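Understanding the architecture of this molecule
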Amino acid sequence: MNRTALVTLDAYTALFDIAGSLAGRFREITGLDEARATPAFQLWRAKQMERAAISNSLGLGRTSFRECTRQGLAYVEKRYDLDLGEERRLALVMAWDRLTPWPEADGVLAELKRRGYPLALLSNGDTDMLHALADILPVDIDHVFSSEEAGAYKPHPAMYALPLRKLGLESRNILHVAGATNDAIGAAAAGLPCYWSNRSGDSVLDPAFPPTHVRPNLEGLLDLLE
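Below is a short write-up of the structure. (Residues numbered from 1 in each chain as written. Predicted model: local features only at pLDDT ≥ 70, side-chain atom pairs only at ≥ 80, totals over all residues. Heavy atoms only, no water.)

Quick notes on the sheet that holds strand S4 (residues 119-123)
Two orientations exist for strands paired in a sheet by backbone hydrogen bonds: parallel and antiparallel. The criterion, for reference: We call two strands paired when DSSP finds no fewer than two bridges between them. Helix and strand definitions follow DSSP, with helices as H or I runs of at least four residues and strands as E runs of at least two, each counted in order from the N terminus. Each axis is a line fitted through C-alpha atoms, taken for helices only over the stretch in contact, and angles between the N-to-C directions span 0 to 180 degrees.
Across the sheet, which stays open at both edges, the six strands sit in the order S5-S4-S1-S6-S7-S8 with parallel pairing between neighbours. Only two strands of the sheet have a single neighbouring strand rather than two, namely strand S5 (143-146) and strand S8 (213-215). When the angles between neighbouring strand axes are averaged without regard to direction, this sheet yields 20°. Inspection of the sheet shows strand S1 (residues 6-9) paired to strand S6 (residues 174-178) by four bridges, in the parallel sense.

In structure tokens:
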């Protein structure tokens, strides 16, 4: 493998535990019992991502990720006959700025920095959302590449072109750390070496675009990047 000049990391699935961070807060704010809150929360995430995919397809400019999040929540309110009101609705949407990293994430990032690897977030969030998440991490993040800059969401190739265009790097010298199957496919299709932190034991839908490395969590990065 060529010397890695930059490690780019997906925020929302690879680095941060969305359900562990938000599911309890969602249940508390919505007042749904656990049996209904779990599928409702999962629906919120699915509709958030569906709205981002629609944004890519419409060709009418990028809908902000904050707005995708808000529209996904509004969909859940209708499906579950909820009326959260603006204050509770805003609290849930803004909670995406305060997620909890996966248990091993802090240690892995700290060790990668100690070994001299520059780190970047390359993720679907708006720029301000990603900077808020970067501030939670225990190390300095050298670069933040947002879908806001790309004008499109993953797996659109414009996302993976950001570090190449802005830093003048070649794709072979970037290792992208994905957390979701579409991100792994997108990175592979764009020609980036990809480490897939595949916690759910998923598989890529299109085998023509396999990730370079597949591990169950982030710890394998330390074996790969010595």
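Structure shown, so let's carry the discussion forward.
Here's the deal with unusual backbone geometry
Put simply, Lys154 and Pro155 share a cis peptide bond, and its omega is 10°. Within the secondary structure layout, Pro155 lies in the loop between helix H8 (147-150) and helix H9 (157-167). Unlike most non-glycine residues, Asp81 shows phi in positive territory, near 55°. Looking at the element boundaries, Asp81 is found in the loop between helix H4 (65-79) and helix H5 (85-94).

Focus: the environment of Gln42
Heads up, the rule is: Throughout, exposure labels follow a simple rule: accessible area from a 1.4 Å probe, protein chains only, divided by the maximum for the residue type, with under 20% read as buried, over 50% as exposed, and the rest as partly exposed.
When you line up the elements, Gln42 lands in helix H3 (residues 34-58). Residue Gln42 is classed as exposed on the basis of its relative accessible area, which comes to 51%.

Notes on helix H2 (residues 18-30)
The following threshold applies: Take the residue count of a helix, subtract one, and multiply by 1.5 Å to get its expected span. Starting at the helix axis, one direction is taken to each C-beta atom, and the arc is that of these directions. Polar contacts here mean pairs of N or O atoms no more than 3.5 Å apart (in protein, one a potential hydrogen donor and the other a potential acceptor; neighbouring residues in sequence count only if both atoms are side-chain atoms).
Compared with the 18 Å implied by 1.5 Å per residue over 13 residues, the 17 Å span of H2 between its first and last C-alpha is a close match. Within H2, the full set of buried residues consists of Ile18, Ser21, Leu22, Phe26, Ile29 and Thr30. An end-on view of H2 places all buried positions within 110° of arc, on one side of the element. Turned more than 90 degrees from where H2 packs its buried face, Gly20 and Glu28 sit exposed. Residue Asp17 occupies the N-cap position of H2, its side-chain oxygen lying 2.9 Å from the main-chain nitrogen of Gly20. Just downstream of H2 lies Gly31, where phi reads positive at about 75°.

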